[in-house]
Amino acid sequence: MPAQKSTATSVFTAILGTLGFSAIAGVLVTVMVAPAIAVTGVTASNTVGIFNSLPEYIELDPGSQQNTIAVRNPAQPDAEAADAYITVATIYKQNREEKSLDEISDYLECAAIAGEDRRFYEHGGVDLPSLIRAALGTVTGDDGAGGASTLSMQTVRNILQQQALNDESKTDEEKQEAIASALDYSLDRKIKEMKLAIGLEKNYTKEEILQGYLNIAGFGGNTYGVQAAANQYFSVDAADVTIAQAASLIAIVQYPNLRDLSDPENYTANQERRDVVLTAMEDYGCITKAERDEALAIPVDETFVLPSPSSVGCRSASTGYGYVCDYALHVVDELTALGTTPEEREQAWDRGGYQLVLTIQPDLQAVAWNTVHQWAPSNETRFALGAVATSVGVGTGDILTMAQNKTFDDSLEPADPLTTNAVNLASDVAHGGSQGFQPGSTYKPYVLLAFLAAGHGVNESYNASIREVNQAEFADSCEPYIADDGTVLGPPWGGIYKFRNDSNESGSYNIVRGTAGSVNSIFIQMAKAVDQCEIRKLAESIGVHDAGGNELMTRPSCSIGGCENNIAPLTQAAAYAAIANQGVYCEPRMVAAVIDSAGTVLPGQPTLCGQSQVSPGVANTAAYAMAAVMGGTGSASNPNDGTPYIGKTGTTDESVHTWMVGSSTRVATAVWVGNITGKQAMRNVRVNGTSGGLLRHRIFRPIAQAIDSVYPGGGFPGPDPALLTGSPVEVPNVVGASLEQAKNAIELAELGFEHGGDVDSDLPAGVVASTDPAAGSGVPRGTTVRVYTSNGLAEPVPNVVGMDRNAARDTLEDADFDVDEVCVDDEDLGNPLPPPAVDEVTSQDPPGGTMRNPDTTTVTIRFYRPICP
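What counts as what
- Residues numbered from 1 in each chain as written.
- Predicted model: local features only at pLDDT ≥ 70, side-chain atom pairs only at ≥ 80, totals over all residues.
- Heavy atoms only, no water.
- Helix = DSSP H or I, 4+ residues; strand = E, 2+ residues; numbered from the N terminus.
- Buried < 20%, exposed > 50% of the residue type's maximum accessible area, 1.4 Å probe, protein only.
- Contact = heavy atoms within 4.5 Å.
- Areas by Shrake-Rupley, 256 points an atom, 1.4 Å probe, with all protein chains shown as cover.
- Polar contact = N/O pair within 3.5 Å; in protein donor to acceptor, adjacent residues only side chain to side chain.
- Pairing = 2+ DSSP bridges.
- Axes fitted to C-alpha atoms, helices over the stretch in contact; angles between N-to-C directions.
- Disulfide = S-S within 2.5 Å.
- 1 Å grid on protein atoms, 1.4 Å probe; cavity = no way out; pocket = protein on both sides within 12 Å on 5 of 7 lines; lining within 4 Å.
- Points joined across faces, edges and corners; volume = space filled by probe spheres on them.
- Nonpolar A, V, L, I, M, F, W, Y, C, P; charged D, E, K, R; others polar.
- Parallel < 35°, antiparallel > 145°, perpendicular 65-115°, else oblique.
- Left-handed = near helix turned anticlockwise from the far one by under 90°.
- Core = buried A, V, L, I, M, F, W, Y, C linked by side-chain atoms within 4.5 Å.
- Phe/Tyr/Trp six-rings, centres within 6.5 Å; stacked < 30°, edge-to-face > 60°.
- Lys NZ or Arg CZ within 6 Å of the ring centre and 35° of its normal.

Caption draft 1: Focus on the overall build of the chain. Scanning the chain for helices and strands turns up 28 helices and 32 strands. Classification of the 869 residues of the chain by burial places 52% in the buried group. Taking contacts inside the chain between residues at least 6 apart in sequence as the whole, the part at least 24 apart equals 71%. For the chain, the accessible area works out to roughly 36200 Å², and carbon and sulfur atoms hold 50% of it.

Following this line, the structure appears as structure tokens:
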């Protein structure tokens, strides 16, 4: 760079601007616009009036900056360290990255000054010699006379363009009009530009203006500033460009559409202007003739232009972070650090300069991404295979992983439509996701919560042999659902609903066993015992919602996940985390912090946790039942690493969708594997040698093991004792009733019936002689009562205690009982005082009065002797 900086000329010019711009306005107008006056009739005095009415000052505006999305570096505990964050995506409205002059090559500074404004350090914003030369060129038609715009004037023009682009109060049409006004070749625009340029020179140093120009100049398309341009066209930083590259970049600024290097058709025009800039750089004294000649010898072609791959947007995010990035962008309007309203936040984000620090744990994200892609390959061609794994922190709502088996690509024409898509299958529509998926049996825990909240207990039992129910018998206090055509869908619900158990289970199952085996019949009957609307309310209180924004349905089939409710995996993970957290629900959050351009750490999404309508006792008892799943249908997903888990599997009709959702006391994870579109039965297809129905377990288990190594969980609190039994049911007294009467009475009491066979009784043969549990006992609902019927052969055993042994024998034998005698002495009786009479019966078995069948009963009597032989 030449040594000259500010000179007396530039100082003098700035002073003139300070003392009174009107005094020199006439000179500027006369020189610059005399030809225009002749044509349009505009007078000099009118133009001076325009000068005086314009603002004096414009601020240097760097324009929109890049935003970045980052995750905490787990290997660096110091949040203040330079490597504390790992950038995973770059987002911008305009491709621009602010740099100081110290970070910009001297060649770029030289090329800008020599090529655009060689008297930059001599004038005060407006270069009078250039004005005169340009005016004469206008009169004579000399195209080589050069332009009159200084770097200061160009900077003003660029600022005005940026202000128009970033003015969110304007419509797109109004923005375009404002941009056109900033570029208009009219007399008014030129006068405004000159006055603002002089004001710029009064308020900023030459170095600040040059830095501002190099950071705001347009370089074609959406690229602004030399750093972005150097990276885009040559894959280098602005500090590292060569002489030829610097000149080629500055060659773009006058006519970006004709000279930018994104299109090979522009190479010739760029080289022509570049060579002019190179000669100007030598003339200016910042490069030698040899350096100029060497640069001139380099053609602008495919070997010279070395564009970097696109790094903007979520589709250019680091591997595994495309959908994470897209989710983060969908919550920008929630970040209070960016403004008080959603509109202000979006505007601030568009202006840029922010870094979003995510809650994602990078080591675990890598495991999740790799595991999902290992077991659910994105290039499956037989059907539209989809898979998702997402995890959230229990008690925080922090989203720790979010992976799916496709790669994010939101371009209009993706390079590989088979392996990419733009829909985040883990989230709901509001966060850029899908319409969700039928949850299958992973919806059953919400039925369990309502069942327990109604006072029932997990030791209650139901008959799994039941295969159909009358839907009209299901209580539902929710408002009726109205179809788009006006049809009332219900409630009330009607008709017979037929279903099956996945493994054809039958017989009595208590709630824990039914949950472990995911027995549909048990949960249908549990749902029948409660208000269907309460199931929905409790589910909603822990964040469960339809991914498409529709109201959750309460149709009885919903209790086993067989209705229209479609739920996103992230929603399921957060809901199960609430169950693991004793009913405290935390909203999922992705952005942990926001860092502004000054490095100030601002709050991200708040941690929003609160007690749901699910009480701690209900949640803990539900968890107790759900723990059995990890030894039942979910055993293949159990990490078996010392961290206890609760969970639930889910398979929809025809196995179109399969699920595994589970949680420790630290982290909850949801895995979905199924059809993005179509209805391929997952159980009927093998992927990489594994049954499609097992892929969810192959994905869940290693992810859970990796999570537990970072977030080891402890034991769950255990069930509420009151919710083990629930509200006890009293066993009815059916002694003396017929077997059929007893069965009806017991089942009416919602207890199970079982005939235990005949017992000895003096009651008429065939009637009920006794029950187990006994009449009047309080037992859990559904408990099986064994009923014993009388054989009619029992007689009362005579009471012979106190009688002489011989008389006792005669009495028992007269009643047709066989007798067995046993001698007992003082030692056997503990030396009683006074001792019994010799041969006195001291006890008998069975006792007197007991009903026994003489044909099958032997009565043992014990008689006294001081010393037995």
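After that view, the rundown keeps rolling.
Caption draft 2: Quick peek at the environment of aspartate 502. The residue aspartate 502 is located in the loop between strand E12 (496-498) and strand E13 (508-510) in this model. Among the residues examined, aspartate 502 registers a relative accessible area of 42% and is labelled partly exposed. One polar contact links aspartate 502 to arginine 683, side chain to side chain, over a distance of 3.0 Å.

Caption draft 3: Structural view of the sheet that holds strand E19 (residues 657-663). Read from one edge of the open sheet, 5 strands run E5-E4-E20-E19-E18, paired in antiparallel fashion. Edge positions in the sheet fall to strand E5 (399-404) and strand E18 (646-651), since each of these pairs with one other strand and no more. Taking the axes of each pair of neighbouring strands and ignoring which way they run, one obtains an average angle of 5° across the sheet. As judged from the 6 bridges shared by E18 and E19, these two strands associate in the antiparallel manner. Considered in E19, the bridge of threonine 651 is made with threonine 658. Sheet strands in contact with helix H22 (residues 569-580) are strand E4 (385-393), E5, E18, E19 and strand E20 (667-675), and its direction is about 30° off that of E19. Contacts between helix H24 (residues 695-710) and the sheet are confined to E4, E18, E19 and E20, with E20 contributing the most and set at about 160° to the helix.

Caption draft 4: Examining unusual backbone geometry more closely. Along the chain, aspartate 772 connects to proline 773 via a cis peptide bond; the corresponding omega equals 5°. Structurally, proline 773 is set in the loop between strand E25 (768-772) and strand E26 (778-779). The residue after aspartate 845, namely proline 846, is reached through a cis peptide bond having omega 5°. Positive phi values are uncommon outside glycine, yet asparagine 688 reaches one of about 55°.

Caption draft 5: Fine view of the sheet that holds strand E32 (residues 858-864). Strands sit in the order E29-E32-E30 across an open sheet of 3 strands; the sheet is mixed. Edge positions in the sheet fall to strand E29 (818-824) and strand E30 (841-845), since each has one partner strand and no second. Mean inter-strand twist for the sheet, computed between neighbouring axes without regard to direction, equals 20°. Pairing of E30 with E32 involves 4 bridges; the strand directions are antiparallel. In the strand pairing of E32, glutamine 844 is matched with isoleucine 861.

Caption draft 6: Representation of the state of the cysteines. As enumerated under the stated definition, the model contains 6 disulfides in all. Here cysteine 314 engages in a disulfide with cysteine 325; their sulfurs sit 2.0 Å apart. Looking down the S-S bond of the cysteine 314 and cysteine 325 bridge, the torsion is -70°, so its handedness is left-handed. Taken together, the residues cysteine 314 in the loop between helix H14 (289-296) and helix H15 (322-329) and cysteine 325 in helix H15 connect sequence positions 11 residues apart. Its relative accessible area of 5% is what places cysteine 314 among the buried residues. The exposure class of cysteine 325 is buried, given its relative accessible area of 1%.

Caption draft 7: Just empty space enclosed by the protein, in detail. The full count for this structure, using the stated rule, is 1 cavity of 30 Å³ or more. Roughly 60 Å³ of volume is contained in the largest cavity. Tyr443, Gln532, Ile535, Arg536, Met553, Thr554, Arg555, Cys558 and Ser559 together form the lining of the largest cavity. Along the lines of polarity and charge, the residues of the lining of the largest cavity split into 4 nonpolar, 3 polar and 2 charged.

Caption draft 8: Expanded view of the packing of helix H18 (residues 444-453) against helix H20 (residues 520-528). Contact geometry of H18 with H20 gives a least axis separation of 9 Å together with a crossing angle of 40°. Considering the angle they form, H18 stands oblique to H20. Seen along the crossing, H18 lies across H20 with a hand that is left-handed. Facing H18, whose interface residues are Lys444, Val447, Leu448 and Phe451, H20 presents Asn520, Phe523, Met526 and Ala527. Taken together, the residues of the contact of H18 with H20 break down into 6 nonpolar, 1 polar and 1 charged.

Caption draft 9: Region of the structure containing the layout of surface pockets. Considered as a void within the structure, the second largest pocket measures approximately 570 Å³ in volume. At 3 residues, the largest contribution of residues to the lining of the second largest pocket is made by E18.

Caption draft 10: Representation of the pairing of E32. For E32, the tally of buried residues reaches 5 of 7 residues, placing the bulk of the element in the interior. Note: E29 against E32, 7 bridges, orientation parallel. By the bridge assignment, valine 819 is partnered in E32 with valine 859.

Caption draft 11: Quick peek at the environment of asparagine 459. By the element assignment, asparagine 459 lies in the loop between H18 and strand E8 (461-463). Judged by its relative accessible area of 31%, asparagine 459 is partly exposed. Along the chain, asparagine 459 and threonine 783 lie 324 residues apart, while their C-alpha atoms are 8.0 Å from each other. Not counting residues up to four positions away in its chain, the partners in contact with asparagine 459 are Asn510, Leu724, Thr725, Pro780 and Arg781.

Caption draft 12: Spotlight on the nonpolar core. In terms of nonpolar packing, the biggest core is built from 92 residues, with Leu356, Leu358, Tyr446 and Ile542 touching the most fellow members. Those residues in contact with leucine 356 that lie beyond four places of it in its chain are Thr68, Ile69, Ala70, Ala328, Val332, Leu335, Trp349, Val591, Ala593 and Val594. Core analysis: the second largest hydrophobic core is formed by 60 residues, Ile209, Leu214, Ile216 and Ile287 among them.

Caption draft 13: Examining the packing of aromatic side chains more closely. In this structure the tally under the stated criterion is 10 aromatic pairs. Consider the rings of phenylalanine 451 and tyrosine 462, whose centres lie 6.2 Å apart with planes at 65°: the pair is edge-to-face. Linking phenylalanine 451 in helix H18 with tyrosine 462 in strand E8, this pair joins segments that are 11 residues apart in sequence. Here phenylalanine 451 falls in the buried class, since its relative accessible area comes to 0%. Cation over ring: arginine 72 sits above tyrosine 85, and NZ or CZ is 5.5 Å from the ring centre. Its guanidinium or amino end placed over the ring of phenylalanine 863, arginine 805 lies 3.9 Å from that ring's centre, counting from NZ or CZ.

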